[in-house]
Amino acid sequence: MKKKISYLVFAALLFASSCQKCYQCKQYCAYCIPTGNNGVNYKFCSSKDVTHTTIDSIYVAIQSNGYDCSKLNNTKRVCDSKNKLNDALDYYLLQDYYCYPTE
């Protein structure tokens, strides 16, 4: 079953790589660590369903409870190239990024 899924993902990426498309990939996360030695580290990231303002609200709330917080805000553009299949796999496996096709 896992092999079938792997083959399907590979086939989908191969099919997608035949198109001349670009994708805009974004990361928007709040990463919070406790100021003392006690506590849990938190990481909250936006997605297609969670907006940046939601992450900002969580950021402020956790920071007001004694945490040091920072934001991770990166944007990457992935386009067809001679390494497009490898690039697609790399971005497929990245955590905390969500991608949209660009015109």
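Described in the following lines is the structure provided in the data block. (Residues numbered from 1 in each chain as written. Predicted model: local features only at pLDDT ≥ 70, side-chain atom pairs only at ≥ 80, totals over all residues. Heavy atoms only, no water.)

## What to know about the overall build of the protein chain
Argument step 1. Helix and strand counts for the protein chain stand at 3 helices and 4 strands.
Argument step 2. Going residue by residue from the N terminus, the α and β elements of the protein chain occur as α-β-β-α-β-α-β.
Argument step 3. Each of the 103 residues in the protein chain was classed as buried or not, and the buried ones make up 18%.
Argument step 4. Here the protein chain has roughly 7600 Å² of accessible surface; of this, 55% comes from carbon and sulfur atoms. (Helix = DSSP H or I, 4+ residues; strand = E, 2+ residues; numbered from the N terminus. Buried < 20%, exposed > 50% of the residue type's maximum accessible area, 1.4 Å probe, protein only. Areas by Shrake-Rupley, 256 points an atom, 1.4 Å probe, with all protein chains shown as cover.)

## Focus on helix H2 (residues 52–63)
Helical periodicity: at 3.6 residues per turn, an α-helix aligns residues three or four positions apart in one direction.
Argument step 1. Its 12 residues give H2 an end-to-end C-alpha distance of 16 Å, which sits within 8% of 16 Å, the value for a rise of 1.5 Å per residue.
Argument step 2. Every buried residue of H2 is listed here: Ile 55, Tyr 59 and Ile 62. Viewed along the axis of H2, the buried residues span an arc of 80°, placing them on a single side of the element. When the buried face of H2 is taken as reference, the exposed residues oriented beyond 90 degrees from it are Thr 53 and Val 60.
Argument step 3. Of the surrounding secondary structure, the elements contacted by the buried residues of H2 are strand E1 (22–34), strand E2 (42–45) and strand E3 (67–79). (Expected span 1.5 Å × (residues − 1). Arc of directions from axis to C-beta. Contact = heavy atoms within 4.5 Å.)

## Details of the side chain of Ser 46
Argument step 1. For Ser 46, the location among the structural elements is in the loop between E2 and H2.
Argument step 2. Using a relative accessible area of 4% as the deciding quantity, one classes Ser 46 as buried.
Argument step 3. Apart from the residues within four sequence positions on either side, Ser 46 is in contact with Tyr 28, Thr 51, His 52, Ile 55 and Tyr 98.

## So, the pattern of salt bridges
Note that side chains of opposite charge can pair when their charged atoms are close.
Argument step 1. By the definition in use, this model includes 1 salt bridge.
Argument step 2. Residue Lys 71 pairs with Asp 56 through a salt bridge whose shortest N-O separation is 2.9 Å. With Lys 71 in strand E3 and Asp 56 in helix H2, this pair connects stretches of sequence that are 15 residues apart.
Argument step 3. Lys 71 sits in the partly exposed class, given a relative accessible area of 38%. (Salt bridge = Lys/Arg side-chain N within 4 Å of Asp/Glu carboxyl O.)

## A word on the packing of aromatic side chains
Argument step 1. For the structure shown, the criterion picks out 2 aromatic pairs.
Argument step 2. Plain terms: the ring middles of Tyr 42 and Phe 44 are 5.9 Å apart, the flat faces sit at 15° to each other, and that makes the pair stacked.
Argument step 3. By relative accessible area, Tyr 42 is classed as partly exposed at 31%.
Argument step 4. Connected via pairs of aromatic rings, a cluster forms that spans Tyr 42, Phe 44 and Tyr 67. (Phe/Tyr/Trp six-rings, centres within 6.5 Å; stacked < 30°, edge-to-face > 60°.)

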